[in-house]
Amino acid sequence: MHSRNRYLNGHDFSALARREPRLAAHLRPTPDGRITLDFTSPQAVYLLNRTLLLRDYNLQHWDLPAGKLVPPIPGRLDYIHALADLVPQAENILDIGTGASLIYPILGVREYGWRFVGTEIDDKSLRAARAIIKHNSFLRGKIDLRQQDWPGKIFDGVVRRDDYFDATICNPPFYASAATAAAASQKKWDKLGVKPAEERSFGGVDRELWTEGGEVGFLRRMLGESKNFAKRVGWFTTLVSQQGYLDDARQRLKAMRAEGRVIPLRQGNKASRILAWKF
Ligand code: SAH
């Protein structure tokens, strides 16, 4: 975890449950006598995130429609801190696929005072994100939401002629189809040997999770389009969950004469990375 991540030392789940009594039912003892949370329960993870955002980020309102992707806050925060290291002078950020949770803009506004444009293809997510802005006065005037009408487009149609962004960020949709998303989820549960109470521990439904060509398809489209927006963006960045995709990305960047960087991220035993490039 990043050295500035406020959750570096983990959570005091008992203290969190005193703030949010509904968490109490999801607490579990660990073999070495500590208290942890049942992370296989979507409701538990949702309540944890909501409690953290209300307590540590002073939100008045943060609700997600049922089944929407619930972002683990510490991991999202690592991306925000890594971006601040990459672009210390940043003011204006473009968040591709901001989601119902509006998680990157919330963290970026609070931690660094950045301004955001968030794009999204999903109506329901946009409505939820708008409600979060409406009910949290510190977000008003700091975040502009724009609907992307074409799921196959990334910057086209949402970035305007007179926009300038110091950086773009993105947590891309992952799977190639709704069916692969469901199968992957099943495999995960089989491996853990648990029967989930609901479909996925971190929520997430249909269009949120899949895109034409999966993550690789999405990244290729993003890389390809980015060239046309070279003058309107300082650093392009995105999460890349599949390490194996980096070779292809490097070749594409080289062909476009862009400068590329890979920034490793680590959360517990889960490794991920940010791909960053500029023209
Ligand atoms: N940023 C949030 C959501 C990530 S999930 C988080 O980190 O938790 C990916 C999101 O991208 C979904 O909400 C999905 O609806 C959206 N999305 C998919 N294709 C898109 C596109 N072409 N343009 C903008 N958003 C898109």
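The structure we're discussing is the one just above.
Predicted model only: the values in this text are computed from it and were never measured.

*Asks:* Any chance you could explain helix α3 (residues 73-86) here in plain terms?
*Replies:* One turn of an α-helix holds 3.6 residues; hence residues three or four places apart share an orientation. Taking 1.5 Å per residue as the helical rise, α3 with its 14 residues ought to reach 20 Å, and the 20 Å between its terminal C-alpha atoms agrees with that figure. Counting buried residues in α3 gives 12 out of 14 residues, a clear majority hidden from the surface. Ile73, Pro74, Arg76, Leu77, Asp78, Tyr79, Ile80, His81, Ala82, Leu83, Ala84 and Leu86 are the residues of α3 that are buried.

*Asks:* Got a minute to help me understand the site of the ligand in this structure?
*Replies:* Around the ligand lies a shell of 19 residues, among which Arg76, Gly97, Glu120, Pro151 and Lys153 are the nearest. In the model, a nitrogen atom of the ligand is placed 2.9 Å from a nitrogen or oxygen of the Gly97 main chain. If the ligand stood free it would expose 580 Å²; the protein chains cover 98% of that surface. Breaking the shell around the ligand down by element, the ones donating at least two residues are α4 (103-112) and β4 (115-120). Classifying every residue of the shell around the ligand gives 8 nonpolar, 6 polar and 5 charged.

*Asks:* Please clarify how the pattern of salt bridges should be interpreted in this entry.
*Replies:* Pairing between side chains becomes possible if they bear opposite charge and their charged atoms approach one another. According to the stated counting rule, one finds 15 salt bridges in the structure shown. Its salt-bridge partner being Arg146, residue Asp163 comes within 2.9 Å of it at the nearest N-O pair. Linking Asp163 in the loop between β5 (143-147) and β6 (165-170) with Arg146 in strand β5, this pair joins segments that are 17 residues apart in sequence. In terms of burial, Asp163 and Arg146 fall into one category: buried. The network of salt bridges with shared partners includes Asp144, Arg146 and Asp163.

*Asks:* How should I be thinking about the environment of Gln148 in this particular structure?
*Replies:* Structurally, the position occupied by Gln148 is in the loop between β5 and β6. With 23 residues separating them in the primary sequence, Gln148 and Asn171 have C-alpha atoms 15 Å apart. Once you skip the residues sitting within four places of it in the chain, Gln148 turns out to touch Glu120, Ile121, Lys153, Ile154, Asp156 and Val158.

Calculation criteria
- Residues numbered from 1 in each chain as written.
- Predicted model: local features only at pLDDT ≥ 70, side-chain atom pairs only at ≥ 80, totals over all residues.
- Heavy atoms only, no water.
- Helix = DSSP H or I, 4+ residues; strand = E, 2+ residues; numbered from the N terminus.
- Expected span 1.5 Å × (residues − 1).
- Buried < 20%, exposed > 50% of the residue type's maximum accessible area, 1.4 Å probe, protein only.
- Near = heavy atom within 4 Å.
- Polar contact = N/O pair within 3.5 Å; in protein donor to acceptor, adjacent residues only side chain to side chain.
- Areas by Shrake-Rupley, 256 points an atom, 1.4 Å probe, with all protein chains shown as cover.
- Nonpolar A, V, L, I, M, F, W, Y, C, P; charged D, E, K, R; others polar.
- Salt bridge = Lys/Arg side-chain N within 4 Å of Asp/Glu carboxyl O.
- Contact = heavy atoms within 4.5 Å.

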